[in-house]
Amino acid sequence: MAVADDREPIVVTDEARELHNSCLLIDGHNDLPWEIRTKGSSDFSKLDIGRSQPRLQTDLPRAREGGLKCQFWSVWVPAELDGTGKALATTLEQIELVKLMIDRYPEDLEQAKTADDIERIAAAGRIASLIGVEGGHCIEESLSTLRRLYELGARYMTLTHGNTLSWADSGTDKAEHGGLTEFGKEVVREMNRLGMMVDISHVSVDVMHQALDISTAPVIFSHSSSRAVADHPRNVPDDVLVRLKEKDGVVMVNFFSGFVVPAAADNYAATFQIRRDLEAEGADQDTIDRRQNQYRATHLMPKGTIHDLLDHIDHIAKVAGIEHVGIGSDYDGVSVLPEGLEDVASYPRITQGLLDRGYSPDEIRGVLGGNLLRVMRKVEAAKE
């Protein structure tokens, strides 16, 4: 698929709008729960997403405008809680917050746990809401805790977040295990047994390959993009894309400029390295924050445009096939977004952009949700 020459802002046509509204739009990753916790004290009377919330990238009116039919809500907690004894408790609080949100807005949201649930809830006019656990630090080295999270509704777990764990290497931290330890491999097997999607966003390339080796079901990247387009360790190398195709998995493309725009990826990697270097020197958090802010003030991150995101979709489609592409925005978990993708009302521009680049309506239906739904059904079918 050739990259479009026209890099002008995308204007959604009636044809694209009609197609978009007929699709089952599934977003694999949204960090709104942590924003509600930090900006609204976990209280929807203080931060009512049923109304416009300009401080956020997500609210229900804009989600409706964007045609969102299904959302995996991230119950992320900071990786720095690993080893403190607080990671699980904080994750459970975030799960309760998601359930509180669903209960608070019953006309808009309903919890889903299966692919059939997603289709049923979307057909009823509500946004199917699932839980995604971001970072294996929350299980505190316990398979029984993993099972508990599944029972509470979690339908994927990202094996790591930004920090390497005792059992898995992160893509943005020092590798300590050469990938997964024996316990890490057992985590993957247990997720297969439960029917829980194995998410390999954030992990090292060794972990990516080992998860693909071990898993008996398709795996996902819930919010990652292409490393060949933007060279950031959070993104997926081509050799992994080839293997993902063989496993029938899906890459749900991330919208963050720092992962999508090549120059922004270099910028973001530099700020991350400042943190790592200072942590290695034993610097305190105030020093780290000050040095990072100094760098950001003099090295503004380029936003890029929606065309940068479409370039990632094109490349993943070329290497793995369009049937292995999905959407994983990372809304409300990122600070800089490309022009044209500012918030959850923006999804129809992706449909228009894909039409402009020559993708068929059926291919677009797959990208917007059908591909993830296929993977989820296969994971459900493979459980013991």
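The shown structure was predicted, so the numbers you read here are calculated from the model rather than taken from an experiment.

The rules behind each value
Residues numbered from 1 in each chain as written. Predicted model: local features only at pLDDT ≥ 70, side-chain atom pairs only at ≥ 80, totals over all residues. Heavy atoms only, no water. Helix = DSSP H or I, 4+ residues; strand = E, 2+ residues; numbered from the N terminus. Contact = heavy atoms within 4.5 Å. Polar contact = N/O pair within 3.5 Å; in protein donor to acceptor, adjacent residues only side chain to side chain. Core = buried A, V, L, I, M, F, W, Y, C linked by side-chain atoms within 4.5 Å. Buried < 20%, exposed > 50% of the residue type's maximum accessible area, 1.4 Å probe, protein only. Arc of directions from axis to C-beta. Phe/Tyr/Trp six-rings, centres within 6.5 Å; stacked < 30°, edge-to-face > 60°. Lys NZ or Arg CZ within 6 Å of the ring centre and 35° of its normal. Axes fitted to C-alpha atoms, helices over the stretch in contact; angles between N-to-C directions. Parallel < 35°, antiparallel > 145°, perpendicular 65-115°, else oblique. Left-handed = near helix turned anticlockwise from the far one by under 90°. Nonpolar A, V, L, I, M, F, W, Y, C, P; charged D, E, K, R; others polar. Pairing = 2+ DSSP bridges.

Another aspect to go through is the environment of Asn254. Tracing the backbone through its elements, the reader meets Asn254 in the loop between strand 8 (250–253) and helix 10 (257–260). Taking the C-alpha atoms as reference points, Asn254 and His223, 31 residues apart in sequence, are found 4.6 Å from one another. Setting aside anything within four residues of it in sequence, one finds Asn254 in contact with His223, Ser224, Ser225, Arg234, Phe259, Val260, Leu309, Gly328, Ser329 and Asp330. Within the local environment of Asn254, its side chain forms a polar contact with the backbone nitrogen of Phe256, the two atoms lying 2.8 Å apart.

Formed by 93 residues in total, the largest nonpolar core has its most connected members in Met157 and Leu159. Every residue in contact with Met157, bar those within four places of it in the chain, is listed here: Val133, Gly136, Cys138, Ile139, Leu146, Trp167, Val187, Met191, Met196, Met197, Val198 and Asp199. The next biggest cluster of nonpolar side chains, apart from the first, holds 20 residues, and it includes Ile118, Ala128, Met252 and Val379.

For helix 5 (residues 115–123), the set of buried residues is Ala115, Asp117, Ile118, Ile121 and Ala122. Around the axis of helix 5, the buried residues are gathered within 155 degrees of arc, so they sit on the same side. Gly125, located one to two residues past helix 5, shows a positive phi value of around 90 degrees.

Quick look at the packing of aromatic side chains now. Enumeration over the complete set of coordinates arrives at 11 aromatic pairs. Pairing Phe255 with Tyr331 gives two aromatic rings, centres 5.4 Å apart and planes at 90 degrees, and the pair type is edge-to-face. Pair noted here: Phe255 is in the loop between strand 8 and helix 10 and Tyr331 is in the loop between strand 9 (325–327) and helix 14 (347–356), with a separation of 76 residues, a long-range link. Of the two residues examined, Phe255 and Tyr331, each falls in the buried class. Taken together through their ring pairs, the aromatic side chains of Phe256, Phe259, Tyr268 and Phe272 make up a single cluster. Positioned above the aromatic ring of Tyr150 is the side chain of Arg155, whose terminal nitrogen or guanidinium carbon lies 3.8 Å from the ring centre.

Turning to the packing of helix 8 (residues 205–214) against helix 9 (residues 238–247), a few remarks are in order. Packing of helix 8 against helix 9 brings their axes to within 10 Å, and their N-to-C directions diverge by 20 degrees. The angle between helix 8 and helix 9 places the two elements in the roughly parallel class. The way helix 8 lies across helix 9 gives a crossing that is left-handed. Residues Val205, Met208, His209, Leu212 and Asp213 of helix 8 form the contact with helix 9, whose participating residues are Asp239, Val240, Arg243, Leu244 and Lys247. Of the residues belonging to the contact of helix 8 with helix 9, the class tally is five nonpolar, one polar and four charged.

To continue, consider the pairing of strand 1 (residues 25–30). Walk down a regular strand and you will see the side chains alternate between the two sheet faces. The element strand 1 is largely enclosed, with a buried count of six among its six residues. With four bridges connecting them, strand 1 and strand 2 (residues 68–74) associate as parallel partners. Looking at strand 2, one finds that Asn30 is bridged to Trp73.

Moving on, we come to the pairing of strand 4 (residues 127–134). Of all eight residues making up strand 4, eight are buried, and the element is well covered by its neighbours. Here strand 4 shows two buried faces, one formed by Ile127, Ser129, Ile131 and Val133 and the other by Ala128, Leu130, Gly132 and Glu134. Two strands pair when backbone bridges link them, and strand 2 and strand 4 are joined in this way by five bridges, in the parallel orientation. Looking across to strand 4, one finds that Ser74 is bridged to Gly132.

Here the focus is the side chain of His137. Relative to the helices and strands, His137 resides in the loop between strand 4 and helix 6 (143–151). A polar atom in the side chain of His137 sits 3.4 Å from the backbone oxygen of Pro78. Every residue in contact with His137, bar those within four places of it in the chain, is listed here: Val77, Pro78, Ala79, Asp82, Ala87, His161 and Leu165.

With that settled, consider unusual backbone geometry. The phi torsion at Ser42 lies on the positive side, around 55 degrees, for a residue other than glycine. You can see Ser42 is positioned in the loop between helix 2 (32–40) and helix 3 (60–65). Backbone geometry at Asp248 places phi at a positive 65 degrees, although glycine is not the residue there. Summarising the element assignment, Asp248 is placed in the loop between helix 9 and strand 8. Judged by relative accessible area, Asp248 falls into the buried class, the value being 14%.

Interaxial distance between helix 14 and helix 15 (residues 361–382) falls to 10 Å at its minimum, and their mutual angle equals 145 degrees. Viewed along their axes, helix 14 and helix 15 form a crossing whose handedness is right-handed. For the pair formed by helix 14 and helix 15, the contact residues are Thr351, Leu354 and Leu355 on the first element and Ile364, Val367 and Leu368 on the second. When the residues that make up the contact of helix 14 with helix 15 are grouped by side-chain class, the tally is five nonpolar, one polar and no charged.

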